[in-house]
Amino acid sequence: MDQAQKVVSELLSNPVNVGLIGLIVFLVYKIVRGQKEPVGPAPDPPLSKLKKQDFTLEQLREFDGTGPEGRVLMAVNGKVFDVTRGKNFYGPNGPYSVFAGRDASRGLAMFSVSEDVIREEYDDLSDLDNEQMERVREWEQQLSEKYDYVGKLLRPGEQAADYEVEEEENSASSERAAGEAKKTE
Ligand code: HEM
């Protein structure tokens, strides 16, 4: 009997070894199979970028992640951000879902995710002290680095800006400026 056969027969003679070999084979199979088939649902494809627009509080409410697109918007300090990428945080089962489709400013200022810290009516935050307002601005800054800014949160009676006209004007004036620059060349 050569060396290899000896090892094999010795291994197989002990039921504990046989069990261990079976376990190893099973684990290797699980690892290899696990690599081939990712577990869980595939991640959602990213949504298209929203065009710049302002929102009333009511319009914002539509974007709490339960709509057909699953988009999540959130306002902080009068600015609306598209936080869909952070759905794990703000989506329906996320720890901060209370902020989805809402003005999160007061919750962030108070460091609270309690429903009753978010007002149904427009919140002008005028009763917050300097420290709380500073906290709101810090959150605004932090979120603006991570998420797309979509537009303003409108105060009651405030008109939405027409960003398409604004953009046309901007591009027209930059074309004019380019024209002027050419003339002076
Ligand atoms: C025990 C309490 C808490 C723990 C352990 C906790 C933990 C965390 C962790 C681990 C992150 C992720 C950081 C990252 O990966 O970027 C996070 C983000 C965040 N937390 Fe908390 N948190 C707590 C309480 C709160 C409260 C009370 C609020 C409400 C004001 C809050 C608001 C946020 C927000 C807005 C984010 C940013 C999510 C984003 O990047 O979009 N957290 N927190």
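A few points on the structure. (Residues numbered from 1 in each chain as written. Predicted model: local features only at pLDDT ≥ 70, side-chain atom pairs only at ≥ 80, totals over all residues. Heavy atoms only, no water.)

1. Quick word on the sheet that holds strand E3 (residues 148-152)
Now for step 1: If you walk across this open sheet you meet the 3 strands as E1-E2-E3, and the pairing is antiparallel. Of all strands in the sheet, those with a lone pairing partner are strand E1 (73-76) and E3, marking the two edges. Across the sheet, the axes of successive neighbouring strands diverge by a mean angle of 35°, strand direction being ignored.
Now for step 2: Judged from the 4 bridges that link them, E1 and strand E2 (residues 79-82) form a sheet pairing that is antiparallel. Bridge pairing in E2 places Val76 opposite Lys79.
Now for step 3: Helix-sheet contacts for helix H6 (residues 130-146) involve E1 and E2, and the interaxial angle to E1 is about 140°. (Pairing = 2+ DSSP bridges. Helix = DSSP H or I, 4+ residues; strand = E, 2+ residues; numbered from the N terminus. Axes fitted to C-alpha atoms, helices over the stretch in contact; angles between N-to-C directions. Contact = heavy atoms within 4.5 Å.)

2. Structural notes on the nonpolar core
Now for step 1: Counting 20 residues, the largest nonpolar core has Met74, Val76, Val83, Tyr90, Phe99 and Leu143 as the members making the most contacts within it.
Now for step 2: Those elements giving two or more residues to this core turn out to be E1, helix H5 (105-110) and H6.
Now for step 3: Ranked by residue count, the leading element in this core is H6, at 3 residues.
Now for step 4: Excluding its chain neighbours within four sequence positions, the residues that come into contact with Leu143 are Met74, Val76, Tyr90 and Leu108.
Now for step 5: Counting residues in hydrophobic clusters, the runner-up holds 8 residues, among them Phe55, Ala75, Val80 and Val150. (Core = buried A, V, L, I, M, F, W, Y, C linked by side-chain atoms within 4.5 Å. Buried < 20%, exposed > 50% of the residue type's maximum accessible area, 1.4 Å probe, protein only.)

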